[in-house]
Amino acid sequence: MTTDSPSPVPVAPEGLSRRARRFVEVDGIRLPRQDIRRHRDAWTGRGIPAAEIDRAVAFQDRWGGLALPPAVFYEGGPRTLDADCPEGSDTEGWSFPAGDCRVSMAYGFLIGPDGAFGIDAHRWTPLHASVSGWVESLALAAHARRWATTVTKITGKAVEALDPDGYEPVPEVQGLTDTWWRGRTSLIAVYRGEALGLDAPRCLEAHIYDGLDEWGLHGG
């Protein structure tokens, strides 16, 4: 059973930056979303706390059915944001899926016990403090690619050698494992999730967007 959206053109959830709202509403598509409320009795019968079901329902109401352009990393990210059955325990905490992967992958995308958006690989690895942070990172990457004069990708040990002096964190992406940094003429996106989650240092990657003017750095 699905809940149909009245229009394939999404309305961006409140709380996003102007850049991210435009990204969602111009580049995103709202697809029919699963009605997970119908599973409440079955999930409760399996011992899943009502509060965790409510958390998944709240995610679905806010983000469910939203399909966004592929991320520049993580094999494009979730195909569509969609919640499913919470898993975990009262001791270890509860998480629930954030949406199916676009391709066959060694991990899935989850919403963690504290609301962080991350990947469930060899270990749980939170990427951003919230789903909003993930969406902000997608919007910023699309914006930076459009306005940068050069985009440089570096990997492995070269990422660790980056000097953040003169840069400041970009707060709206709510970076945890993944972070964005803003300098005078450039933005740097650092992707540590796969390196940590898969215990694979070779997967460490950063993208440097250079030659940005004020609009490129802050606009959108």
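All figures in this text were calculated on a predicted structure; none of them were measured in a lab. (Residues numbered from 1 in each chain as written. Predicted model: local features only at pLDDT ≥ 70, side-chain atom pairs only at ≥ 80, totals over all residues. Heavy atoms only, no water.)

**A word on the pairing of strand β6 (residues 93-99)**
Phase 1 of the analysis: Burial of β6 is extensive: five of the seven residues sit out of reach of the surface.
Phase 2 of the analysis: The pairing of strand β5 (residues 87-89) with β6 spans three bridges and is classified as antiparallel. By the bridge assignment for β6, Ser89 is matched with Gly93.
Phase 3 of the analysis: Hairpin geometry of β5 and β6 is characterised by an intervening segment of three residues between the two adjacent antiparallel strands.
Phase 4 of the analysis: Judged from the three bridges that link them, β6 and strand β7 (residues 108-111) form a sheet pairing that is antiparallel. Opposite Phe96, over in β7, you have Ile111 as the bridge partner. (Buried < 20%, exposed > 50% of the residue type's maximum accessible area, 1.4 Å probe, protein only. Helix = DSSP H or I, 4+ residues; strand = E, 2+ residues; numbered from the N terminus. Pairing = 2+ DSSP bridges.)

**Section: the packing of aromatic side chains**
Phase 1 of the analysis: On inspection of all chains with the given rule, the structure shows twelve aromatic pairs.
Phase 2 of the analysis: Their ring planes at 70° and their centres at 5.5 Å tell us that Phe59 and Phe96 sit as a pair that is edge-to-face. Separated by 37 residues along the polypeptide, Phe59 in helix α3 (residues 50-63) and Phe96 in strand β6 bring together distant segments of the chain.
Phase 3 of the analysis: Every member of this aromatic cluster is reached through a ring pair, and the members are Phe73, Tyr74, Tyr107, Phe109, Phe117, Trp134 and Tyr191. (Phe/Tyr/Trp six-rings, centres within 6.5 Å; stacked < 30°, edge-to-face > 60°.)

**Concerning the pairing of strand β13 (residues 186-191)**
On any regular strand, side chains alternate: one points to one face of the sheet, the next to the other face.
Phase 1 of the analysis: The element β13 is largely enclosed, with a buried count of six among its six residues.
Phase 2 of the analysis: Burial of the side chains of β13 extends over both faces: Ser186, Ile188 and Val190 are buried on one face and Leu187, Ala189 and Tyr191 on the other.
Phase 3 of the analysis: Across four bridges, the pairing between strand β12 (residues 179-182) and β13 is antiparallel. Residue pairing across strands places Thr179 opposite Val190, the latter belonging to β13.
Phase 4 of the analysis: Taking the residues between adjacent antiparallel strands as the criterion, β12 and β13 are bridged by three residues.

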